[in-house]
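Chain by chain, the residues:
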Amino acid sequence: MSQRPRVVILGAGFGGVNAAKVLGGCAADVVLVDKTNHHLFQPLLYQVATAALAPSDIATATRVVLRHCKNVTVLMGEAVGIDPDAREVRLEDGARLRYDYLVVAIGSAYSFFGHDDWARHVHVLKTLDDALKIRSALLAAFELAERCEDKAEIAPLMTFVVVGGGPTGVELAGTIAELSRTTLARDFRTIEPRSAHIVLCEAGPRILPSFPPAQSDYALRALQNLGVDVRVGAKVGAIDAGSIQIGAERLQSSVVVWCAGTAAHPASKWLGATAASNGAVRVGPDCALPGRPEIFVIGDVASFDGADGRPLPGLAPVAKQQGLFVGRLLRARIDGRPGPKRFRYRDYGMMAIIGRSRAVAQLFGLRMSGFVAWLAWSLIHLMLLVDFRSRLTVYVNWSWAWFTYGRGARLLTHAPRWIARARGKARRDAA
Ligand SMILES: Cc1cc2nc3c(=O)[nH]c(=O)nc-3n(C[C@H](O)[C@H](O)[C@H](O)COP(=O)(O)OP(=O)(O)OC[C@H]3O[C@@H](n4cnc5c(N)ncnc54)[C@H](O)[C@@H]3O)c2cc1C
């Protein structure tokens, strides 16, 4: 029987994949488990949702990413529980995975601030499936509007609401505006896609609250130039099928995308661990669970206090650096060497893009807005993509879109159910 220690990593996101890469070739058997078969570059999901990129441009099979790590086995399966005393992970199909060391890196999910019933009526943007559903809903709304005989039905169909003025909401609202104002504007005969009403609502006093006020103002003006109706201090009161209450106004809308709060997965319950207010597992300075030195929790599912005493933000570089750190720590432990003791986050900055040529960025202490920031955003995101093939296809697609305003990933293979239902109703009403 093998005496090699067994490391189980849950989640093939930024944290899990980077931990696995560092452990490649070490004297341990590593098992990486994910409920999907791919590693996803979430920061570009909004471009799949708005038909600029195809799913395969921003996701790569995890087996391919870790092909050269011969001691790493990739398994597809969903974890549903952990038994820390028995040192086992339970999978959805009843299988159990034994571990000597466990790395939990399963990311986060959206939270609806206690209104879980809203989840049925909104789209979220976290997985490839989510992005494809948004893309279908947006494109189908224009298709249905083109066929509307009752002109009063067109405006609600072409009203799209994005909830949450953080980077994801800003990027998505700006790109939906460009999709309607440029790409689709030339292709319809009955409707005027430029007249689509895109609303971005943010409960706080300004969009991009994590950026300095001057950059929030820049982003606000850039979105307004694109024709986005930005509403700040606008709380969502209720959401149902086809409408949303924003402040005192009830707005008819065919697509609502929720980009507001996130909450960690239920890992804290599985581990019986202390959780932060967003459900993330509180970990010690080495990313390990207090009292369980063999269990590490990293990335969005972890709550790690940064140098200023506040939890680190849910960002890709945090997850990536923690994955690398835990990989090195485990590798040293397995080799019987002293390893790093304390994780330190290197904050290189943050960025948000607004449409095809504008962005705001804070990089290495430098503040940038406009085209230069957009250029920096584009280069950095290209470099961060996981493999050369993705970099090349994304570069070609972006260049094509930049010069032609074209978007290649606009195909609908079937009408989503709600569009079919609406057509049926229209026909019945007419009969
Ligand atoms: C739309 C969007 C845009 C973003 N934009 C940016 C950005 O511009 N810049 C930035 O720095 N950050 C951005 N982020 C945040 C960033 O993507 C996350 O902080 C980062 O992905 C966290 O990495 P992670 O490894 O913790 O989790 P993830 O990357 O989310 O990976 C978690 C993995 O775990 C898997 N998983 C989940 N549950 C289970 C289970 N029960 N069993 C097995 N597998 C499971 C998932 O399939 C997934 O592969 C964005 C996030 C989103 C959603």
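Residues numbered from 1 in each chain as written. Predicted model: local features only at pLDDT ≥ 70, side-chain atom pairs only at ≥ 80, totals over all residues. Heavy atoms only, no water.

Draft legend 1. Spatial organisation of the packing of helix α1 (residues 14-23) against helix α10 (residues 316-335). At a closest axis distance of 7 Å, the pairing of α1 and α10 adopts a crossing angle of 30 degrees. Between α1 and α10, the crossing angle belongs to the class labelled roughly parallel. Once α1 is placed against α10, the crossing between them reads as right-handed. Residues Phe14, Gly15, Asn18, Ala19, Val22 and Leu23 of α1 lie in contact with α10, whose contacting residues are Ala316, Ala319, Lys320, Gly323, Leu324, Gly327, Arg328, Leu330 and Arg331. Counted by class, the contact of α1 with α10 contains eight nonpolar, four polar and three charged residues. (Axes fitted to C-alpha atoms, helices over the stretch in contact; angles between N-to-C directions. Helix = DSSP H or I, 4+ residues; strand = E, 2+ residues; numbered from the N terminus. Parallel < 35°, antiparallel > 145°, perpendicular 65-115°, else oblique. Left-handed = near helix turned anticlockwise from the far one by under 90°. Contact = heavy atoms within 4.5 Å. Nonpolar A, V, L, I, M, F, W, Y, C, P; charged D, E, K, R; others polar.)

Draft legend 2. Quick look at α1. Taking burial as the measure, the ten residues of α1 include nine buried ones, the bulk of the element. Taken together, the buried residues of α1 touch β1 (6-10), β2 (29-34), β3 (38-40), α4 (62-65), β5 (72-76) and α10. (Buried < 20%, exposed > 50% of the residue type's maximum accessible area, 1.4 Å probe, protein only.)

Draft legend 3. Geometry of the packing of helix α11 (residues 371-384) against helix α12 (residues 388-404). Following both chains from N to C, one finds α11 and α12 inclined at 150 degrees, their axes separated by 9 Å at the closest point. Between α11 and α12, the angle is such that the two are roughly antiparallel. Residues Phe371, Trp374, Trp377, Ser378, His381, Leu382 and Met383 of α11 pack against Arg391, Val394, Tyr395, Trp398 and Trp402 of α12. Looking at the contact of α11 with α12 residue by residue, the classes come out as nine nonpolar, two polar and one charged.

Draft legend 4. Region of the structure containing the packing of aromatic side chains. Under the defined criterion, the tally for this structure stands at 13 aromatic pairs. Note on Phe325 and Phe343: the rings are 5.6 Å apart at their centroids and 70 degrees apart in plane angle, and the pair reads as edge-to-face. Taken together, the positions of Phe325 in helix α10 and Phe343 in the loop between α10 and β24 (349-354) put the pair 18 residues apart, joining distant regions of the chain. On the basis of relative accessibility, which here comes to 3%, the residue Phe343 falls in the buried class. Among the aromatic side chains, those forming a connected cluster through ring pairs are Phe112, Phe113, Trp118 and Trp258. A cation over a ring is seen here: Arg356 above Trp402, with NZ or CZ 4.7 Å from the ring centre. (Phe/Tyr/Trp six-rings, centres within 6.5 Å; stacked < 30°, edge-to-face > 60°. Lys NZ or Arg CZ within 6 Å of the ring centre and 35° of its normal.)

Draft legend 5. Region of interest: the sheet that holds strand β26 (residues 366-369). If you trace the three strands from one edge of the open sheet to the other, you get β24-β25-β26, paired in antiparallel fashion. Two strands bound the open sheet, and with one partner strand each, they are β24 and β26. The average undirected angle you get between the axes of adjacent strands in this sheet is 0 degrees. α11 rests against β24, β25 (358-363) and β26 of the sheet, and its axis sits at about 75 degrees to β25. (Pairing = 2+ DSSP bridges.)

Draft legend 6. Just the site of the ligand, in detail. Around the ligand, the surrounding shell holds 27 residues, and the nearest of these are Gly15, Asp34, Gln42, Ala79 and Asp300. Within the backbone of Ala79, a nitrogen or oxygen atom sits 2.9 Å from a nitrogen atom of the ligand. Asp300 is positioned with one of its side-chain polar atoms (N or O) 2.8 Å from an oxygen atom of the ligand. Its free accessible area being 990 Å², the ligand has 90% of it covered by the protein chains. Within the residue set of the shell around the ligand, elements represented by two or more residues are α1 and α10. (Near = heavy atom within 4 Å. Polar contact = N/O pair within 3.5 Å; in protein donor to acceptor, adjacent residues only side chain to side chain. Areas by Shrake-Rupley, 256 points an atom, 1.4 Å probe, with all protein chains shown as cover.)

Draft legend 7. Seen up close, the pairing of strand β6 (residues 79-83). Looking at chain direction, β6 and strand β7 (residues 88-91) are connected through four bridges and run antiparallel. The residue of β7 that forms the bridge with Ala79 is Leu91.

Draft legend 8. The arrangement of the domain arrangement of the protein in detail. Entries for the protein in the domain assignment read domain 1 (6-35 + 77-110 + 262-335) and domain 2 (120-260 + 356-430). Computed from C-alpha atoms alone, the centre-to-centre distance between domain 1 and domain 2 is 33 Å. At the interface, six residues of domain 1 touch eight residues of domain 2. Carbon and sulfur atoms make up 57% of the area that domain 1 and domain 2 hide from each other, which totals about 510 Å². Its salt-bridge partner being Lys126, residue Asp300 comes within 4.0 Å of it at the nearest N-O pair. At the junction of domain 1 and domain 2, the tally comes to two residue pairs in polar contact (both at pLDDT 80 or more). For the side of domain 1 that touches domain 2, the class distribution of residues is one nonpolar, two polar and three charged. (Domains from an automatic or database assignment. Buried area = accessible area lost by both parts, 1.4 Å probe. Salt bridge = Lys/Arg side-chain N within 4 Å of Asp/Glu carboxyl O.)

Draft legend 9. Spotlight on the pairing of β26. As paired elements, β25 and β26 share four bridges and run antiparallel to each other. Bridge assignment links Gln362 to a residue of β26, and that residue is Arg367. Counted along the chain from β25 to the antiparallel partner β26, the turn is two residues long, and its residue Phe364 has a positive phi close to 50 degrees.

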